[in-house]
Amino acid sequence: MVGQSPLDPSKGRTAVLLEPFVHQVGGHMSMMKYDEHTVCKPLVSQELSFYESLPLAMRQFTPQYKGVVSVHLKKDSLGNLTLIASPSLQTESCGRLDNAIGDPSVTIWHQWAASTGSEHALVKWSHTQLTKTFKDSCPGKMLLRTDLQYRTDSLLEDANGNQPERNSYNPWGLRCHRQHLNRMSSKHNENKLHQFLLLENVVSKYNYPCILDLKMGTRQHGDDASEEKKARHIKKCEQSTSASLGVRICGMQVYQADTGHFLCKDKYHGRKLSPEGFRQSLRQFLCNGNHLRTDLLEPIILRLKALLSVIRKQSSYRFYSSSLLIIYEGQEHKESTAPLDNHLHFQKTNCTASHGTHHPRVDVRMIDFAHTTFKGSKGNHTTYDGPDHGYIFGLENLIKILQNISEGK
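Attention here is on the structure that accompanies the text.

Rules used in this analysis
Residues numbered from 1 in each chain as written. Predicted model: local features only at pLDDT ≥ 70, side-chain atom pairs only at ≥ 80, totals over all residues. Heavy atoms only, no water. Axes fitted to C-alpha atoms, helices over the stretch in contact; angles between N-to-C directions. Helix = DSSP H or I, 4+ residues; strand = E, 2+ residues; numbered from the N terminus. Left-handed = near helix turned anticlockwise from the far one by under 90°. Contact = heavy atoms within 4.5 Å. Nonpolar A, V, L, I, M, F, W, Y, C, P; charged D, E, K, R; others polar. 1 Å grid on protein atoms, 1.4 Å probe; cavity = no way out; pocket = protein on both sides within 12 Å on 5 of 7 lines; lining within 4 Å. Points joined across faces, edges and corners; volume = space filled by probe spheres on them. Core = buried A, V, L, I, M, F, W, Y, C linked by side-chain atoms within 4.5 Å. Buried < 20%, exposed > 50% of the residue type's maximum accessible area, 1.4 Å probe, protein only. Domains from an automatic or database assignment.

### Some details on the packing of helix α8 (residues 275-285) against helix α10 (residues 389-406)
Here comes step 1: Look at α8 against α10: their axes get within 11 Å of each other, and the N-to-C directions meet at 65°. Seen from above, α8 lies across α10 with right-handed handedness. Contacts from F278, R279, L282 and R283 in α8 reach L398, I401, L402 and I405 in α10.
Here comes step 2: Each residue belonging to the contact of α8 with α10 can be placed in one class, and the counts come to six nonpolar, no polar and two charged.

As structure tokens, then:
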């Protein structure tokens, strides 16, 4: 949303309403929607260092870096929180944000009814914003329920083998956003500047983005982790598929064509999965409620193989705690929607295989580099030799599992 800057309305400066990014499926840091093609997140120096020295070969597998904005907080007499951001010279020199070029001050605000002191009031407000944001972002909004119901379920089954289902109005991104606002309000200081990274919104071109967030590698803690945090991360890896497969599910959303809404899973679901459960969840990610999207397998596998080739050549890089996004368009091309009569069924899904001649839109992107280290990175005190073998192990297993699904195994 665009308006006048409260800093100096007479100058007619552009103002941008910073909204929750409704397609965030994993992570703990709140992602915000800056504009249709740009998201922003709190800046971490190590992540900025990565983007500033990004190897050319990796650029096709990461979000485009668009610069930095400085943000300071204001709170009005009613307790509403306001974020005011000014693009840095670095952002303007990038020349990638149309509304930042030549504009010395872009205002970003986000109001929160903190005066009530009630979390319920915040949730209620957030739902209203989420509904509007999601409806505006989905061309096929008439197919979605008006309450934007997100379906969440788990692998826990009852005595009859049925999976209980609970409806939720709180997708993961909204949870992160609420926690972020709570933290900002409690540490409110109008004179303190906060910096945010501006990054490409990698799902902006999708009508119904199906997203799988995978935590990659056999090690998740950064070199700067405390002994307590290191032990905690090691335990999580040992008790999940991070140790056995080098990859675990951190979240996903899958558009269900039969119901017109998204099936969602979070990181707690991913941590509980066995290697077989991980394979079943990958199949579930490829199922649209009617059939298994086998047309997606070849392009996803090819993209993962291309990434694997690039990672093998990146000496000294360690992508600790980074994630890999697999994305595809949930709205099928008409030629691909008719399932074949081959009755190929998979356990825990009601999906049959479907093939089509239309090439589907898919993408694979690496994200979250706050703990990524490499030779020459700022503040880096540990230098590694050779490629990240833990990450490679995870990619190889991911490719192998997808190939098995493709072969009907």
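### Digging into the layout of surface pockets
Here comes step 1: Its volume calculated, the largest pocket comes out at about 910 Å³.
Here comes step 2: Considering the residues around the largest pocket, the lining is formed by 43 residues, among which G27, H28, M29, K215 and D368 are closest to the centre.
Here comes step 3: Among the elements of the structure, β5 (38-42), α1 (45-52), β11 (193-200), β12 (209-216), α5 (227-238), β13 (247-256), α7 (267-272) and β17 (323-329) are those that each provide at least two residues to the lining of the largest pocket.
Here comes step 4: Top contributing element to the lining of the largest pocket by residue count: α5, with four residues.
Here comes step 5: Tallied by class, the residues present in the lining of the largest pocket amount to 18 nonpolar, 13 polar and twelve charged.

### Comments concerning the nonpolar core
Soluble, globular proteins show a tendency: their nonpolar side chains are buried together.
Here comes step 1: Formed by 67 residues in total, the largest nonpolar core has its most connected members in L214, L304, L324 and L402.
Here comes step 2: Residue contributions to this core reach at least three from each of two domains, namely domain 1 (13-91 + 170-202) and domain 2 (205-332 + 359-408).
Here comes step 3: Every residue in contact with L324, bar those within four places of it in the chain, is listed here: L212, D213, L214, M216, L304, L307, V364, R365, M366, Y391, L395 and L398.

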